Amino acid sequence: MSLTIDITGLPEDRLAFSPSPLAELVAMLHLLAEPGHHPTLHGWVTATSGMLKPELADRLIEADFLWRHSRADFLLPARPAATLAEELDAVDRLDDERYVAAALLTSCGSARLSYRPAASPLTDQGARDRARELAAARGPRQAAFTERLLTDPATVRALVRRLLEDCDRAFFAQAWRQLVPGLAADARRKADLPARLGPGEALAAVSSAVTLEEDGSGQRRIVVDKLQDNSVSAAEAGGATFIPTVFGRPHLVVVHARGWQPVLQYPVAEAGLAEPVSLALVQQRLEALAHPVRLRLARSIARGPQTTGELAAGWNLTAPEVSRHLAVLRKAGLLTVRRRGRYVLYSLDLAGSARLGADLVEAVLR
């Protein structure tokens, strides 16, 4: 499964890289709501939660569905600004129909009210009833939010903005001053790559889960390893925006709804942390180890390097059988190989194998 962003015919300078204070604030709010997704940032969660005033902490708990599982598309700006206030002003300029349709994603789930996509829940009774039904299934807070959003969108919009502004004063403004130099530097480095080395290099620098596909007909597509299956056109929207984040790993958050410019928020590389791997590779490794013979061979070479002949003798197998199983493990990236004279020694890649569980969790959370 993947998201596809068609960039056929899109000039390379329309791939924009820029930090966004609003997107980073919402990444932090997601982290506070769902710390289990981010084990390396538990210290920040504990420190920040401890400094929040009880009234603000309670409001964040009441509103956490706005960023816990999904985020409204307007929270990832296609045209990032220098300040949070400027980005919130841009959100305020959205008409009620666009704002409400995007906000309902957080309270109604991933269905995106798709049973009648052209109908506005502000004016169409069927779409309104569907929104209420979906929100009620998700919980009383979502149902109450949806009801108020449908009947009084201006008040809800003001409340959401005020909550974000209060978070800015409580903890975000100080954190942003420390983060923005590094995020801006990362964005500049990646923005230089399309012109110098081509968009493929820029996308590879964003994440190993983001690739460029090209065919002989001139079609070019950005493919993002995500749970969703969808395709959007960046050329029709006028470009695509890439937003670096310190607090986003392991997620790649993508705006891909019809009528919105594609936006991808990506985690900046962190020293000491392995590059993310695709869900397809995780699945390949699990399948490689699921075979009982390959699992026995893996256990043997985990203890020390062995040759094909030693493994064959130890497990009463033929050398060709062992070679076939080792080839599967090697293709999955689970082996290290070195020569000693005329012998080839195979070892289990312990670091890669140890990360398998973490890779699985990171890939499914992406």
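Calculation criteria
Residues numbered from 1 in each chain as written. Predicted model: local features only at pLDDT ≥ 70, side-chain atom pairs only at ≥ 80, totals over all residues. Heavy atoms only, no water. Helix = DSSP H or I, 4+ residues; strand = E, 2+ residues; numbered from the N terminus. Contact = heavy atoms within 4.5 Å. Areas by Shrake-Rupley, 256 points an atom, 1.4 Å probe, with all protein chains shown as cover. Buried < 20%, exposed > 50% of the residue type's maximum accessible area, 1.4 Å probe, protein only. Arc of directions from axis to C-beta. Phe/Tyr/Trp six-rings, centres within 6.5 Å; stacked < 30°, edge-to-face > 60°. Pairing = 2+ DSSP bridges. Axes fitted to C-alpha atoms, helices over the stretch in contact; angles between N-to-C directions. pLDDT = per-residue confidence, 0-100. Parallel < 35°, antiparallel > 145°, perpendicular 65-115°, else oblique. Nonpolar A, V, L, I, M, F, W, Y, C, P; charged D, E, K, R; others polar. Salt bridge = Lys/Arg side-chain N within 4 Å of Asp/Glu carboxyl O.

1. So, the overall build of the chain
Counting secondary structure elements, the chain contains 16 helices and 10 strands. Principal axes of the C-alpha set define a box for the chain whose edges measure 75 × 50 × 45 Å. Long-range pairs, those at least 24 residues apart, make up 69% of the contacts in the chain between residues at least 6 apart in sequence. Roughly 17900 Å² of accessible area belongs to the chain as shown, and the carbon and sulfur atoms make up 54% of that amount.

2. Things to note about helix α16 (residues 356-365)
Those residues of α16 that sit buried are Leu356, Asp359, Glu362 and Ala363. Down the axis, α16 shows its buried residues gathered within 125 degrees of arc, on one side only. At its buried positions, α16 is contacted by α11 (279-290) and α15 (350-354).

3. Some thoughts on the packing of aromatic side chains
On inspection of all chains with the given rule, the structure shows six aromatic pairs. Each ring, one from Phe17 and one from Phe242, has its centre 4.9 Å from the other, and the planes form 15 degrees; the classification is stacked. Of this pair, Phe17 sits in strand β2 (residues 15-17) while Phe242 sits in strand β6 (residues 240-245), and the two are 225 residues apart along the sequence. Residue Phe17 is classed as buried on the basis of its relative accessible area of 10%. Using a relative accessible area of 1% as the deciding quantity, one classes Phe242 as buried. Their ring planes at 70 degrees and their centres at 5.3 Å tell us that Phe65 and Phe145 sit as a pair that is edge-to-face. Of this pair, Phe65 sits in the loop between α3 (54-63) and α4 (84-92) while Phe145 sits in helix α7 (residues 140-151), and the two are 80 residues apart along the sequence.

4. Focus on the sheet that holds strand β7 (residues 253-255)
Here four strands make up an open sheet; going across it, the order is β2-β6-β8-β7 and the pairing mixed. Only two strands of the sheet have a single partner each, and these edge strands are β2 and β7. Sheet twist, expressed as the mean angle between neighbouring strand axes with direction ignored, is 20 degrees. Relative to β6, β2 is paired through three bridges, and the arrangement is parallel. Considered in β6, the bridge of Phe17 is made with Phe242. Of the strands in this sheet, β6 and β8 (263-267) touch helix α1 (residues 21-33), which is tilted by about 50 degrees from β6.

5. Structural notes on the sheet that holds strand β4 (residues 220-224)
For sheets, the rule is that strands pair by backbone hydrogen bonds, running either parallel or antiparallel. Spatially, the four strands line up as an open sheet ordered β3-β4-β1-β5, and their pairing is mixed. Each edge of the sheet is formed by a strand with only one pairing partner; in this case those strands are β3 (210-214) and β5 (230-233). Ignoring which end each strand starts from, the neighbouring axes of this sheet average 25 degrees apart. Sheet strands in contact with helix α9 (residues 199-206) are β3 and β4, and its direction is about 155 degrees off that of β3.

6. Comments concerning the confidence of the model for the chain
Within the chain, residue pLDDT values average 88, and 95% of them lie at 70 or more. Ranking the helices and strands of the chain by mean pLDDT puts α4 first, with 97, and α16 last, with 76. Low confidence marks residues 111-116, where pLDDT is under 50. Its contacts with residues over four positions away, or in another chain, come to 16 contacts.

7. Here's the deal with the packing of α1 against α4
Relative to each other, α1 and α4 sit at 95 degrees, their axes nearing to 8 Å. Judged by the angle between their axes, α1 and α4 are roughly perpendicular. Together, Pro21, Leu22, Ala23 and Leu25 of α1 and Leu84, Glu87, Leu88 and Val91 of α4 make up the contact between the two elements. Of the residues that constitute the contact of α1 with α4, the class distribution is seven nonpolar, no polar and one charged.

8. What to know about the side chain of Thr307
Along the chain, Thr307 falls in the loop between α12 (292-303) and α13 (308-315). Judged by its relative accessible area of 11%, Thr307 falls in the buried class. When residues no more than four places from it in sequence are discounted, the contact partners of Thr307 are Tyr343, Val344 and Leu345.

9. Thoughts on the packing of α1 against helix α2 (residues 42-51)
Helix-helix packing is described using two parameters, namely the angle between the two axes and the distance between the axes. Here α1 crosses α2 at 95 degrees, and the two axes come no closer than 10 Å. Judged by the inter-axis angle, α1 sits roughly perpendicular to α2. Between α1 and α2, the residues in contact are Met28, Leu31 and Leu32 and Trp44, Val45, Thr48 and Ser49, respectively. Its residues placed into classes, the contact of α1 with α2 shows five nonpolar, two polar and no charged.

10. Thoughts on unusual backbone geometry
Looking along the chain, the bond that leaves Arg249 and enters Pro250 is cis, with omega of 15 degrees. Topologically, Pro250 is positioned in the loop between β6 and β7. Positioned with a positive phi, Asn316 is a non-glycine residue whose angle comes to about 55 degrees. As for its position among the elements, Asn316 is in the loop between α13 and α14 (319-331).

11. Quick look at the pattern of salt bridges
Inspection of every chain in the model, using the stated rule, returns 16 salt bridges. Of the charged contacts, one joins Arg68 and Glu34 as a salt bridge, the two residues approaching to 3.1 Å between their closest N and O atoms. You can see Arg68 sitting in the loop between α3 and α4 and its partner Glu34 sitting in the loop between α1 and α2, a full 34 residues away along the chain. Given the relative accessible area of 22%, Arg68 is considered partly exposed. A salt bridge links Asp64 to Arg68, with the shortest nitrogen-to-oxygen separation between them at 2.8 Å. The class of Asp64 is buried, set by a relative accessible area of 7%. Put simply, Glu34, Asp64, Arg68 and Arg141 are held in one network by salt bridges that share partners.

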